[in-house]
Structure formats: structure tokens, C-alpha cells
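Observations on chain architecture
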Amino acid sequence: MTVGLAACGSNGSSGTSSSSLVVETSFVLTTLDPARMFEPTGFMIDHVLYDTLLTYQGSNVTTPVPDLAASYTVSADAETYTFTLRKGVRFANGDPVTAADVVFSLMRTKNVNGSPSFLMAGITATAPSPGTVVLTSSTPNPAIPAILTDPSLGILDAKKVQAAGGSDAADAATADKAEAALNTTSEGSGPYTLTSFSTTTQVVLTANPRYWGPKPRYSEIVIRNVDPSVQKLDVLRGESQLALDLSPAQAQGMTGVQIVNGASPNMVFLFTNDNPKISRITSNPEFQQAVRYGINYASLVQLAGKGAVQAAGIIPTMFLGNLPPGSGAAYNLSKARAALAASGLGHPTVTLAYPSDLPVNGISLADLAARVQQDLQEVGINIQLQGQSLQVALASYRGGQEAMGLWYWGPDFPDPSDYLNFLPGALVGLRAGWARGADPALEAIGAAAATTTQNPVRETLYQQLQRSMNNSSPFMPLIQPAQVLVGATSVTNLQPSPLWTVDLGELG
Amino acid sequence: MSSASIPAPAPRRRATAGHRDLRRFLLRRLGSGLVVCIGITLVAFVLTHLVPGDPAAANLGQRAIGDPAAVAAFRHQYGLDRPLPVQYALYLKNLLHGNLGISEQSHRPVLADLEEYAPATIELALFAIVLSLVIGISLGIVAAAYHDRWPDHVIRVVSLAGVSMPVFWIALVAFYLLFFKLGWLPGGGRLDPAQTPPTHLTGMFTVDAAMHGQWGLFWSALRHLILPGLVLAIFTTGTLTRSTRASMLEIMGNDYVRAARLKGLPERIVILRHVLRPALVPIITVAGVAFGNLLAGTVLVENIFSWPGLGQYAYRSAVNLDLPAIMGVSLFVALVYIVVNVITDLLYGIIDPRIRLS
């Protein structure tokens, strides 16, 4: 085995399945059962264990490409999607992949009531023929192709999972008992199969000899749970070939390795609670403008390091509907001071809450909060920092109790409709005290964007929506931190993925 | 023949009485240990529910937490939808059947998690404590024997440094130096990345590999054990050195030690036979507490060395409000302290017969 590891450090060619790859990351992992998995490490692993109907290639997450589905059609109202399955695909155990397996897998994720079940909300899957799957949505849903790329909607061998106690019935939340089995043996058709699984130590994958697509380069992948500071030393010494969690500062100056810097899909934002019952100060529209123009965005980007960018809007740069760079709010101290004066609040003092133990792509929210405090001090706003442990901070954030908050949003699926959660009355909007009816014009744009099926029109609507929010809303998008991948030079085709960090099956 | 056999029953009676005393002692300690364990479960249960956080929020995704069906399913699955007294009573009932509940993080029985992670930490702690005992007691003896001379001064400074330096800092420096710069020892983990662990017997890889005669695996497991073991041992060694020295110096001031020297006994005999043995009682106390602390306090070292032990499991459980796991770890640590205390008490008796008689 050690010989295999040494080989991967020297063999730069692809096309052979004879070596091992050691990947190091800080695990955020509780399960590999697709119906219950919704965490970064799980996404990366399940993506290569299970095929989905559609997927993305490389870093491009704007257009889904066929995976198990060879093609699909969509009705004009975006309520009915018909998928034709790829012929001749088999699971790693040799069973053929059928439409019944697809229906079972999707409905199981829906009915288990786990973290990813919301992906299938209002959607029903049926199989009119062995090679055809139809998804019917109760409302127009143009996001379905993007949603189907999610590894939580990976396709499992229904017979095997049912034999292990799995169920896709309406009572699957209590009836399904297959999780333990799926954490031992994967029942997918992806390029790798599960060899061993631990939520704290390592996960070992072995190449699937029956994989229908391009043969994976590595015969074995060992994914280890390692602290970022140790990841750096390991990849430099050749103990590992891929480090996934280094911050730009940690990656700076490393030599003898390849460093891929790109913006992550995480969007760090500030909000000022719009509910006067929570804060008379932060709900004042002029105060919100003072905050918006009083933040020195360039200094936050500099703090976040190489690869980070200012968030031009709530939708990250890699998704449909994103705003071009430079169109976000701009730092303007005199404008901020004028807005504060117009608010009639004098020099107010406000508490800014944030999770102190939740680094985002290696960036501490405490550091960002301190920089915001410093910027707003210049405007005349006194910020009292309130860093709390994540679980404590989450309760007040989700309850809409924070006067000002510094948080981040990671995409649930790669479609701009995921960001409609920021609108008045929606999930995140309510956390900022932004009640339904607070901005009827904006809400109308959001409603139109949610149901429009044509991508060019959608793009226009989402951009319009963000420009409106950049002018007036309780949200101030700050930055997209950098996502840094550090790999041995022997690893080729290393590309960051906003969804599964890196596609282990595509590495050369 | 009959007259010669008459006195024989006396020592047997004494032995039987001794065994009865020992049994009574163990039963008494077992009883008090049981009370302590129940107390620990109550304290852990109350404390974990006092934390201002929601286990459902901690374990469900940001979208699922907004879905009442998903939240209800989670609460029902982990029994969080019942009143607190009922939850605690159910926990105790399940505990009687050896069921510690299901971890909200790993989705596995807590007992299975403990069986997986505890041996790694026990192996690490045993390695560190053995190392600490050998080095710490030896240095303590030397320091006491050379009281106020240069070996004593050097050892005092070194042991003070050992107890003063933060463990995470020592760990990072040792990792950088011995792994990254010099390459003498492997980095993190219990084995090389692609190695398969030995068949499970004790869960301690060195022991299991040796028992299966897998000497290559044994060597790999041992090499991985050295660096985190050394780091953990540094603090304990410092503590043991200082307590051994202090304890020995106190004994050396006694009249019987002076008498032994005046009789002309060699200094080696005086130190080892007349000073060390009585000095061992406080040393054992320190060692017992240190072992318990090693088991309970390996979080930082396990994190830096990617050591998949109880420390990492406990940390993850705590930050994610995984109540069954927190309870399980608390109970396990309490049990270890109880067992270590019993062993310590028994050792007192072996070293000092006066304690045994009392």
C-alpha cells in the first residue's frame, strides 16, 4: 500500500488505476446515507459514490449536464420534467440501474424527513417505463435541474437498500432503517465505492470497476480528517496529495505544490434587524444606509486574502443571476455620515452578534466583525461585539432576535432561487426581521423570478432583485471568501467545485 | 501428625478474613461508584439542557430546521419531544440494559462509538503514563538524591518547563520539528494512510497487531504513538518529577533514614529501599489523577495529531449538543476515575501495610 502512495507522488500520467490518493480535510460529516447527508465532506464523498440524474463538470455550475439521465424535457409551465435514463448503466454490485431505483431514491430522500428532504418538497417522482422518470412539481420549479445535481439525490440500488431496511414510503421517517448499512456499503453506480467509513478518522474509497464513465485515475482514495495547520505540513512533506482547508494566508508562500485560488460560493453578509420591536435603531432605514456605505469593503476583501472578492449581491459569482464585479455597494464615508445624521439617532450603540467558532473558508468571523466595528466607528456608530459559540448564536439568529448579525450563507443548491430566502417573509429575511409586505415591489420581482422558466429572463430578474436590495434592504453582502485547494504537482485537473469542494472522480 | 496439623487453620483464617475485608472494600467502593455514576448522569443531563442551544438546530441543516416535519422527526427519533424528567428516567432505564442511546452526530449507538474511540485514547494515555512514570520517578529520585546540587537544579527547571508550557504549543512544535523538519516520526493518525487496522481485539492497535503477529503493523502503530504520547507525557512527567522529588525529600528528613545511613548502608540501598517505597504513596496518588486527566484531557493533542480518540469525539459532541454522546463520555470518564481510584487504593495497601490494616 505504501508503494502505491509513493507512486502517486511521482506518476503524473492519467488513465491508469494503480495508485492511491490521500486527501486531507477537516471533517464535517455525520453520515454517507444520501437521504440524510447534507454536509460539505459528505457532498464530496457521495458525489463520487452515487450518480445523480444530472451533474456539473469542473467548476462550471451554471449548466447541468447529463449523468444517469441521457436527456430530459421540461413542460412549458416548468412543473413536469421527463428524464430518459442512460442505457446499460449498472450499480457497482452488478445490478442494472432502472427508473424504479431512481423513483425509490428520490422519494426516500423526500420522505425520510432528513436534512436534505426539503430538496424534494412539492416534487413527486414516477416511472412510467423502465427507462423513463417523470418529476412533477406542485408549483412551477425551474430549479429542478440544478436541484437534481445534489449528491443527496444520488441514485441507490432500491432492492439492496430495501433489503437493508430502507423505505421510500410516506412513513420513511420512522420506517427507514438503512442508514447504518449505507455507512458500511455504498449502493451506488458512481466512480468509487465505499471501503471504510468513520466520521472522525478517515473514509476510504475504492475505484468501481463497473463504472460506466471515464475510468478514475486512482484505485484508492483515502480521505483523512486533519486539522488545517497539519494539512499544510502533510501536503508539503508528501504525506498527502490534497489539502482542502487552507486559508489564503496559510497557502501563501508554499512552494513545490500547486495552489488553486478561487472564490467560494459562501457569501458573508451583515444584517441590521428591520423589526422595530427588536431594535429601534437598526430598523431605521437611514441607519441601514449608514451601515451600507460605512463599510470599507476593499479592506474586508484584503483581510480575506487572495481569491476573495466583494459580494456584489446576495448571489455568488458562479451562479446564474449574479451581478458583475463592481456593482455592489461602495464605501462612501461622507454619504454614510450624512445618512446617520438624517436618521436622527445621534451616535447610536448597537450589538453585533456573530458565531465566534465558525470560520468560513479559514476566515474568522470575529476578525471580520472587528473590521466592521472599526469602519462603523468612523461613521459614528458604536458597535459592541458579541461573539458566541455557534449553537448559542444560532438560536438567537434563527429566532430573529439579533439587532445586527454577521453570518454567511452557503448554497443549498446551485440555483439563484435558493437566494429568494433573503426576501421579506422568507427564511433569512425573517431572521433580519424583514416581514412579508415590507417591500411589495421587491417581493413581486421575487415571485416572478421563482416561476419564470427562461434563463435569460431569470437572470435579468435576479439581477434586478439584487440591485434593489443593494439600494435598500436590511442586508449588506460583504465578501465571498477564497476557496483554496493545495495539491501535489502529480495531481492534475484540480478544480474547485462550489458544490462538492473538488470532484475526486475527475482528478487526473 | 495430628498435633502438628493443629496450628495450620490460623493463617487460613487470617487469609479468609483478609479476602473478606478486600471483598467488603471492593463492594463498598462499587456501591459508592454506582452512586457517583448516577450523580454524573444527572449533572451531565441537567448541564447539557441548561446550555442555551437546540440539538435539532445543531444537527439539522439550515433549511431542514425551518421544516416542522423534519424537526418533529428529529425530536421524536431522539426522544426530545418528551418531558425532561421522562427523558432522564428513560435514559436511566436504558442504561440498566447497557443502552447509552444513539449519537445525534454519528447516528450510531453511543456504546459502539465509545468502543471505537476509547481504546485509541486509552492506548495513548497508557503509553504516556508509562513513559511519565519511568522518566518522572527516575528524574525525581535523581533530583532528591542530588538535592540543591546542579542535577537537582537542572531537573527542577526542566520539570517546571514541562508543567508550564501549553500542551497545544508543545504539540505543534514537536510535530513541526520531529515530523516536518527531521522526518523522524510519522505525522497524524494511528497508522499510515493506506494501512488497514488489525483485527479488533482490544482496539489498541499496538496490542492487537502484536497479538496477531503483524509486526509491520505493530511498528507502524508504535511509531504513530510516539509523538502524541511524548507530548502528552511531558506535562505528566513534569508533575511526577516534582512530586517524587518533594515526597522523597520529606522522607529523607526522617530519623530512620539517618539511622540507615549511620549504619553504613550504601546510598543506593537507602534511597531505593528506605526512601522510595514510603514516598511512593503520594506518587501513586498523583499518577492516578494524572492518568484520569490524560484520558479526559486529550482533546488538543488528538486534534493536532488527528488521533481518532475520545477527546475528538467528546469535543464534537459538545459543540454539536449531542446529548447522548456527552452523557456517554461523561459516564465513561467517571468510570475510569472510579476504577483508577480503586486501583490506587489497592496499591496503597500493597506498598504500605498500615494502610491495608486500617
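One can find the structure itself at the top, above this paragraph.
Not measured: the values here are computed from a predicted model. (Residues numbered from 1 in each chain as written. Chains lettered and ligands numbered in written order. Predicted model: local features only at pLDDT ≥ 70, side-chain atom pairs only at ≥ 80, totals over all residues.)

Summing up its helical and strand segments, chain A has 17 helices and 21 strands in all. The C-alpha radius of gyration computed for chain A amounts to 24 Å, which stays within 12% of the reference 23 Å derived for 508 residues, consistent with globular compactness. Each principal axis of the C-alpha distribution contributes one length, and for chain A these read about 70 × 55 × 40 Å. Counting all 508 residues of chain A, 58% fall into the buried class. Contacts in chain A between residues far apart in sequence, at least 24 positions, make up 70% of those at least 6 positions apart. (Helix = DSSP H or I, 4+ residues; strand = E, 2+ residues; numbered from the N terminus. Rg over C-alpha atoms; globule rule 2.2 N^0.38 Å. Buried ≥ 20, exposed ≤ 12 C-beta atoms within 10 Å, placed from the backbone. Contact = placed C-beta atoms within 7 Å.)

Before going further, it helps to spend a moment on the overall build of chain B. Of the regular secondary structure elements, chain B holds 16 helices and zero strands. Based on the C-alpha atoms only, the size of chain B along its principal axes is roughly 85 × 65 × 45 Å. Per-residue burial for chain B yields a buried fraction of 39% across its 358 residues. The long-range fraction of contacts in chain B, counting pairs at least 24 apart against all pairs at least 6 apart in sequence, stands at 71%.

In summary, soluble globular proteins display a tendency toward joint burial of nonpolar side chains. Counting residues in each nonpolar core, the largest one holds 233 residues, and the members touching the most others are Ile221, Ala290, Val372 and Leu406 of chain A together with Ala171 of chain B. The element that contributes the greatest number of residues to this core is helix H6 (residues 110–145) of chain B, accounting for 15 residues. Residues contacting Leu406 of chain A, with those up to four places away along its chain left out, are Leu270, Leu352, Tyr354, Leu365, Leu368, Ala369 and Val372 of chain A. (Core = buried A, V, L, I, M, F, W, Y, C linked by C-beta atoms within 7 Å.)

Before going further, it helps to examine helix H2 (residues 40–49) of chain A. All names here are of chain A. Buried residues dominate H2, accounting for eight of its ten residues. Inspection of H2 places Thr41, Gly42, Met44, Ile45, Asp46, His47, Val48 and Leu49 among the buried residues, and these make up the whole buried set. The inward-facing, buried residues of H2 contact strand S1 (19–25), strand S8 (192–196), strand S9 (202–207), strand S10 (218–225) and strand S21 (501–502).

Moving on, we come to the pairing of S9 of chain A. Residues and elements named next belong to chain A. By the criterion of burial, S9 is predominantly enclosed, with five of the six residues buried. In this structure, S8 lies alongside S9, joined through four bridges in antiparallel fashion. Of the residues in S9, the one forming a bridge with Ser196 is Val204. Bridging between S9 and S10 involves five bridges; their strand directions are antiparallel. (Pairing = 2+ DSSP bridges.)

A few words now on the packing of helix H14 (residues 310–319) of chain B against helix H15 (residues 323–351) of chain B. Each packed pair of helices is defined by two parameters, the angle between the axes and the distance between the axes. All names here are of chain B. Look at H14 against H15: their axes get within 8 Å of each other, and the N-to-C directions meet at 140 degrees. Considering their axes alone, H14 and H15 lie oblique with respect to each other. Helix-helix and strand crossings are classified by hand; for H14 and H15 the assignment is left-handed. Note on element contacts: H15 touches H14 through Ala325, Ile326 and Val329, opposite Leu310, Tyr313, Ala314, Ser317 and Ala318. A breakdown of the residues in the contact of H14 with H15 according to their chemical character gives seven nonpolar, one polar and no charged. (Axes fitted to C-alpha atoms, helices over the stretch in contact; angles between N-to-C directions. Parallel < 35°, antiparallel > 145°, perpendicular 65-115°, else oblique. Left-handed = near helix turned anticlockwise from the far one by under 90°. Nonpolar A, V, L, I, M, F, W, Y, C, P; charged D, E, K, R; others polar.)

Attention shifts here to unusual backbone geometry. One non-glycine residue, Asn493 of chain A, lies in the positive phi region at around 55 degrees. Checked against the element boundaries, Asn493 of chain A lands in the loop between strand S19 (482–488) and strand S20 (496–497).

Moving on, we come to the sheet that holds strand S4 (residues 69–74) of chain A. Residue and element names in this part refer to chain A. In spatial order, the strands read S4-S5-S7-S6; together these four strands make up an open sheet with antiparallel pairing. Unpaired on one side and paired on the other, S4 and strand S6 (123–129) mark the two borders of the sheet. With direction set aside, neighbouring strand axes in the sheet form an average angle of 20 degrees. Across five bridges, the pairing between strand S5 (residues 80–85) and strand S7 (residues 132–137) is antiparallel. In the strand pairing of S7, Thr84 is matched with Thr132. Packing against the sheet, helix H3 (residues 99–111) makes contact with S5, S6 and S7, and its axis sits at approximately 170 degrees to S6.

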